[in-house]
Protein chains: 2
Amino acid sequence: MDMKNITLTDIAQELNLSRSTIDRVLNDRGNVAVDTKKRVLRYINELGYKPNRAAKHLAKRTNCSIGVSYYLPNEFALQINRGINTVYEELSNYGLNVLIRAADSPEEQLLQIKEMSEQIDALALAVWEPDLVGDLVNDLIDDGLPVATFNRDLPDSERLFYFGCNYFESGQVCGGIIEKITSKPGKIAIINNHDILGEYRAKGFKSVLSDNFQYDIIGPYEICEEFEVEGSINEKVIEDIQSIIKDNPDLVAIYVANQTLCAAGKAVELLGKQGEIKLVGFDLYEQTVSLIEKDIIQAVVCQEPFNQGYYPIKILFELIAEGKEIEKSKFITRLEIVMKENLRYYHNYDYIK
Amino acid sequence: MDMKNITLTDIAQELNLSRSTIDRVLNDRGNVAVDTKKRVLRYINELGYKPNRAAKHLAKRTNCSIGVSYYLPNEFALQINRGINTVYEELSNYGLNVLIRAADSPEEQLLQIKEMSEQIDALALAVWEPDLVGDLVNDLIDDGLPVATFNRDLPDSERLFYFGCNYFESGQVCGGIIEKITSKPGKIAIINNHDILGEYRAKGFKSVLSDNFQYDIIGPYEICEEFEVEGSINEKVIEDIQSIIKDNPDLVAIYVANQTLCAAGKAVELLGKQGEIKLVGFDLYEQTVSLIEKDIIQAVVCQEPFNQGYYPIKILFELIAEGKEIEKSKFITRLEIVMKENLRYYHNYDYIK
DNA sequence: TTGTAGGCGTTATCAC
DNA sequence: GTGATAACGCCTACAA
């Protein structure tokens, strides 16, 4: 119960050396005789000595500013911010500082990254259009700035790691759900963006359903809602989806792979087709909630938005402040199935705190 | 970027007092003149001063042993242990110590709790049969030992908090899933335990399906598998479930509310009814996995087993070591829907190591 | 190549 | 009531 921990001083005394020498060995600061080093290392291994984190932080008085830049749908950003706030609260008195820049356009994001790059020790990044910022990011990395991506990766860059979902598999999950909940044969429409990630989501979806002869997959239709969906939904978008429904009387399901799910819900509702046409898509927005409750949307697949804010920063901080190595180049978030019955656990739900 | 944090010493200097006095005010140690106290408190509020956690831990050299006692299905315990190990790694060099006692029977659990109660500063508890240990726990609490429950609550005791799922709602989620994936009308069998939690799960299930006239709910059948399911499954249990299936040709689904799900899967498989009879239940064991992959079990509802090991200990530690207040008397875990497609994210999945 | 000394921001133990 | 002073375990000069 009262097992005293071994300290650096203990080791120094035991080996008749000074604390600094032990410190030099432990932190690879050089200037230690090979023999001494070996002796210390062996002894340390035997003991299973672990440095005291509190003391380390206190002595180093680390001070590390991490920048976050994203261009993402507003409501998704909100959930990510919650994760950022939490990690800030946990680590701010260990010296963490966070700068958040939310962009309203890819161009603005470029400027924001450039601007804050001077003041930060690391950068966490979610970019919608890789082509625009790719060069800048590579320059920053070449200059020695540690960069990580979240939500959307920059696979061609030298970023340290990506933290987010697997888009292909996210499509598969939706495919599996639709297959399970659709009772009659017919057509299934895909709505998505024609960017690379939208296509992964379509491919994943098809990989599950292509063997199933009772369904005929139509689309993909490129219909896309704005990022700033708050109250009002783009009428044109709803109309476009309504015409798909009207043109295909044997439509049994719609799979929405982008942020247009609410609009699709409205379209289904306006035509009185709820329940008849199954609706499945991604992410949980304020507007999605009531559509799920009304059984217009049957299921939604989420990707741990909170953790997408929380972990990238935590990992970067531990890298910079504690020299902890990064264990993976891809941290893939869980794909969470949310339906009416477990909805409340995924919408503004902080069971801790 | 380099914003120096305010320290206790800063405050002392500014107010022409010693650090000790500030410390007395901050930690309510008494022996401070009322006026001085007021003056200090006001100034601290203005500044928004936050004590440095690292320094605090270092100076206090806290040493806190938390005991964990549970009597639970083996494989579930395994997942909980992972959470315990993680929190131990995070906090052991802040002075956390953990004692785990896994019981093989309620009687053994009673003894184990009694035995370790002398050596611990707090206790986290999961008990299957409240009646047996209830008195002991209340005695311990009266003696001043902080006790928390996880997975299964002791609602009549004075435990500090419960960390686990809502059993009624977990039944609802299964009801919702079965309603969505079952395409034809018929009978649905419930298998559960006749304890209070098993009944909550049955009630929650019925609350969703009772309005639906196409289903006829039969049971509950009290059939129960042992805790030590490893490779071999109780033949008798499988036979019992097979007879239910044989006796009810129009059975469209089975809802298993206890740890008998795998046995039910075997029964369905042996009779060649996979896909025809939908199968839904709780928790993810090694044996469940292959049954889900083979489409014999359509979905499983999980309850964050990792976090059930992680958080109770973390919360108790923060209470004891940092005097942090406990914010709720119930921390309700998410109900996670796991199907074939997102299975890999819930089975031995540590995306963060 | 090694050692010494002082400090990080708290808490704890004395004196006054 | 209040204030010195020495820890806690580690890091960082600087000296030897």
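Residues numbered from 1 in each chain as written. Chains lettered and ligands numbered in written order. Predicted model: local features only at pLDDT ≥ 70, side-chain atom pairs only at ≥ 80, totals over all residues. Heavy atoms only, no water.

An unreviewed UniProt entry annotates chain A as Substrate-binding domain-containing protein originating from Iocasia fonsfrigidae.

## Section: the sheet that holds strand β4 (residues 147-150) of chain B
Residue and element names in this part refer to chain B. Read from one edge to the other, the open sheet built from six strands follows the order β2-β1-β3-β4-β5-β11, with strand pairing classed as parallel. The sheet is open, and its two edges are formed by β2 (96-102) and β11 (330-332), each paired on a single side. Averaged over all pairs of adjacent strands, the angle between their axes in this sheet comes to 15 degrees, without regard to strand direction. Pairing geometry for strand β5 (residues 162-164) and β11, over three bridges, is parallel. Paired with Gly164 across the two strands is Ile332, which belongs to β11. (Pairing = 2+ DSSP bridges. Helix = DSSP H or I, 4+ residues; strand = E, 2+ residues; numbered from the N terminus. Axes fitted to C-alpha atoms, helices over the stretch in contact; angles between N-to-C directions.)

## Re the protein's contact with DNA strand C
Around DNA strand C lies a shell of 29 residues, among which Ser20, Arg24 and Thr36 of chain A together with Asp23 and Tyr49 of chain B are the nearest. Within 4 Å of the protein, the contacting atoms of DNA strand C are drawn from sugar and phosphate to the extent of 59%. Measuring from a base oxygen of DNA strand C, one finds a backbone N or O atom of Ala59 of chain A at 3.4 Å. In this structure, a phosphate oxygen belonging to DNA strand C sits 2.3 Å away from a side-chain N or O atom of Asp23 of chain B. Taken together, the residues of the surface near DNA strand C sort by class into ten nonpolar, eleven polar and eight charged. (Near = heavy atom within 4 Å. Polar contact = N/O pair within 3.5 Å; in protein donor to acceptor, adjacent residues only side chain to side chain. Nonpolar A, V, L, I, M, F, W, Y, C, P; charged D, E, K, R; others polar.)

## Here we look at the packing of helix α8 (residues 167-181) of chain A against helix α9 (residues 196-209) of chain A
Residues and elements named next belong to chain A. It is at 6 Å that the axes of α8 and α9 come closest, and there the two elements cross at 40 degrees. Taken as axis vectors, α8 and α9 run oblique relative to one another. Relative to α9, α8 is oriented so that their crossing is right-handed. Of the residues in α9, those touching α8 at Tyr167, Phe168, Ser170, Gly171, Gln172, Cys174, Gly175, Gly176, Ile178 and Glu179 are Leu197, Tyr200, Arg201, Lys203, Gly204, Phe205, Ser207, Val208 and Leu209. Taken together, the residues that form the contact of α8 with α9 break down as nine nonpolar, seven polar and three charged. (Parallel < 35°, antiparallel > 145°, perpendicular 65-115°, else oblique. Left-handed = near helix turned anticlockwise from the far one by under 90°. Contact = heavy atoms within 4.5 Å.)

## Considerations on the protein's contact with DNA strand D
The local shell around DNA strand D holds 27 residues, among which Leu8, Asp23 and Tyr49 of chain A together with Ser20 and Arg24 of chain B are the closest. Taking Asn27 of chain A, its side chain carries an N or O atom lying 3.4 Å from a phosphate oxygen of DNA strand D. A distance of 2.4 Å is found between a phosphate oxygen of DNA strand D and a side-chain nitrogen or oxygen belonging to Tyr49 of chain A. Mapped by element, the contributors of at least two residues to the surface near DNA strand D are α2 (19-26) and α4 (53-60) of chain A together with α2 (19-26) and α4 (53-60) of chain B. Of the residues in the surface near DNA strand D, the class split is ten nonpolar, nine polar and eight charged.

## Section: the pattern of salt bridges
In total, this model carries 26 salt bridges over all chains according to the counting rule given. A salt bridge links Lys180 of chain B to Glu341 of chain A; the nearest nitrogen and oxygen atoms lie 3.8 Å apart. Of this pair, Lys180 of chain B sits in helix α8 (residues 167-181) while Glu341 of chain A sits in the segment after β12 (336-338), placing the two residues on different chains. Residue Lys180 of chain B shares its accessibility class with Glu341 of chain A, and that shared class is buried. With its nearest N and O atoms 2.8 Å apart, the salt bridge here joins Lys294 of chain B to Glu269 of chain B. On the criterion of sequence distance, the pair formed by Lys294 of chain B in the loop between α12 (286-293) and β10 (299-302) and Glu269 of chain B in helix α11 (residues 261-270) is long-range, its members being 25 residues apart. (Salt bridge = Lys/Arg side-chain N within 4 Å of Asp/Glu carboxyl O. Buried < 20%, exposed > 50% of the residue type's maximum accessible area, 1.4 Å probe, protein only.)

## Description of the relation of the copies chain B and chain A
Overlaying chain B with chain A gives an RMSD of 0.1 Å, the required rotation being 180 degrees about an axis along which the chain moves by 0.1 Å. The superposition operator between the copies reduces to a two-fold rotation axis. Both copies share a contact surface, since 100% of the interface residues of chain B are interface residues in chain A too. (Least-squares fit on C-alpha atoms with pLDDT ≥ 70 in both.)

## Comments concerning the interface of chain B and chain A
Counting residues at the interface gives 57 residues for chain B and 57 residues for chain A. Contact between chain B and chain A buries roughly 5,200 Å² in total, counting both sides, with carbon and sulfur atoms accounting for 52%. In this assembly, chain B and chain A are joined by four salt bridges. Residue assignment for the side of chain B that touches chain A shows that the elements contributing at least two residues are α4, α8, α13 (305-322), β11 and β12 (336-338) of chain B. At seven residues, α8 of chain B tops the list of elements feeding residues into the side of chain B that touches chain A. Its residues placed into classes, the side of chain B that touches chain A shows 24 nonpolar, 17 polar and 16 charged. (Buried area = accessible area lost by both parts, 1.4 Å probe.)

## Let's talk about the nonpolar core
A general tendency of soluble globular proteins is for nonpolar side chains to be buried together. Ranked by size, the top nonpolar core spans 196 residues in total, and within it Ile241 and Ile254 of chain A together with Ile241 and Ile254 of chain B carry the most contacts. In this view, Ile254 of chain B contacts Ile178, Ala189, Ile191, Ile241, Ile245, Val268, Ile277, Lys278, Leu279 and Val280 of chain B; residues no more than four positions away in its chain are not counted. By size, the runner-up hydrophobic cluster in this structure holds 16 residues, among which are Ile113, Leu123, Leu125 and Leu154 of chain B. (Core = buried A, V, L, I, M, F, W, Y, C linked by side-chain atoms within 4.5 Å.)

## A look at the side chain of Ser170 of chain B
The topology assignment puts Ser170 of chain B in helix α8. In this structure, Ser170 of chain B is in contact with Arg201, Phe282 and Leu335 of chain B, ignoring residues within four places of it in sequence.

## What to know about α12 of chain B
Residues and elements named next belong to chain B. Here α12 has its buried residues at Gln287, Thr288, Val289, Leu291 and Ile292. Tucked into the core, α12 has its buried residues touching α5 (74-91), α11 and β10. Residue Asp295 follows α12 closely and has a positive phi angle near 65 degrees.

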